[in-house]
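# Observations on the model geometry
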Amino acid sequence: MKRKTLVAAFCASTTMIAFASSAMAAPNADGLYVGIGTGFSSLKNDSDEAGDFISDGVEDFDLDDDDDNVFKGFVGFEFNPYFATELFYADLGRTRLKGSNDASTDLESDAYGISAMGKLPLTSWFTLFAKAGIAKWKTDVDGNLGGLDVDLDDQDGTDPVYGAGAQFNFDPFLVRAEYERYDFDSDYKIDTFTASAGFKF
């Protein structure tokens with residue numbers, strides 16, 4: 001339901017903006033821009049990927065990777081219609097490990113970093129893009145699995161992030177939808193799907 005609501009709201013808003021802005025001039029081809037967005041995240045459904053957080057061998061837990069909310073912000077600079085760089089921060093939501101006796105542990109992740117973006121402007125108002133970069137991430141552990149001798153460890157690191165999406169340009173505003181993968185330690189992967197709005201200076 002959360003995913004359908006997000007997609008429906010995004011489609012409706014971009015359609016209205018497109019009709020209202022059809023007579024506008026081409027957007028700025030370079031310069032500074034900022035944006036914020038929200039969406040949902042998902043952890044690849046494999047309990048082994050959460051094993052790094054449990055350093056004292058217990059296997060009696062379930063992984064609850066239902067979609068959780070994501071919030072992000074970014075500041076970018078567009079050098080030309082085909083290339084930009086972005087600084088970003090993302091709250092990546094929560095994954096829950098469910099142990100015995102109704103005990104549970106939440107893994108809450110966030111990340112910040114920099115990405116390079118290659119852009120393909122199909123029209124003056126619609127652009128496809130792909131991005132790749134580096135994220136400094138941290139996952140905090142909060143809770144227990146109901147076992148006195150089970151150690152639960154926070155994790156952090158610096159690893160790749162990459163993705164792709166589409167952007168609607170309504171100078172000076174922008175609206176985008178994108179997919180990103182945060183490839184933490186090559187085992188703990190979080191996928192995000194977000195819709196964002198921004199402003200070009």
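This text gives an overview of the structure that appears in the document. (Residues numbered from 1 in each chain as written. Predicted model: local features only at pLDDT ≥ 70, side-chain atom pairs only at ≥ 80, totals over all residues. Heavy atoms only, no water.)

Our next topic: the environment of Asp 140. Following the sequence through the fold, Asp 140 ends up in strand β6 (residues 126-143). You can call Asp 140 partly exposed: its relative accessible area is 33%. Taking the C-alpha atoms as reference, Asp 140 lies 4.9 Å from Asp 154; in sequence the two are 14 residues apart. (Helix = DSSP H or I, 4+ residues; strand = E, 2+ residues; numbered from the N terminus. Buried < 20%, exposed > 50% of the residue type's maximum accessible area, 1.4 Å probe, protein only.)

What follows covers the side chain of Ser 109. Tracing the chain through its elements places Ser 109 in strand β5 (residues 104-121). Here the side chain of Ser 109 touches Thr 139 through a polar contact of 2.7 Å, side chain to side chain. (Polar contact = N/O pair within 3.5 Å; in protein donor to acceptor, adjacent residues only side chain to side chain.)

This brings us to the pairing of strand β9 (residues 188-200). By the criterion of burial, β9 is predominantly enclosed, with 10 of the 13 residues buried. Pairing between strand β1 (residues 31-43) and β9: 11 bridges, direction antiparallel. When the sheet's bridge partners are listed, Ile 36 is paired in β9 with Ala 197. As judged from the 12 bridges shared by strand β8 (residues 173-184) and β9, these two strands associate in the antiparallel manner. Bridge pairing in β9 places Glu 178 opposite Thr 194. (Pairing = 2+ DSSP bridges.)

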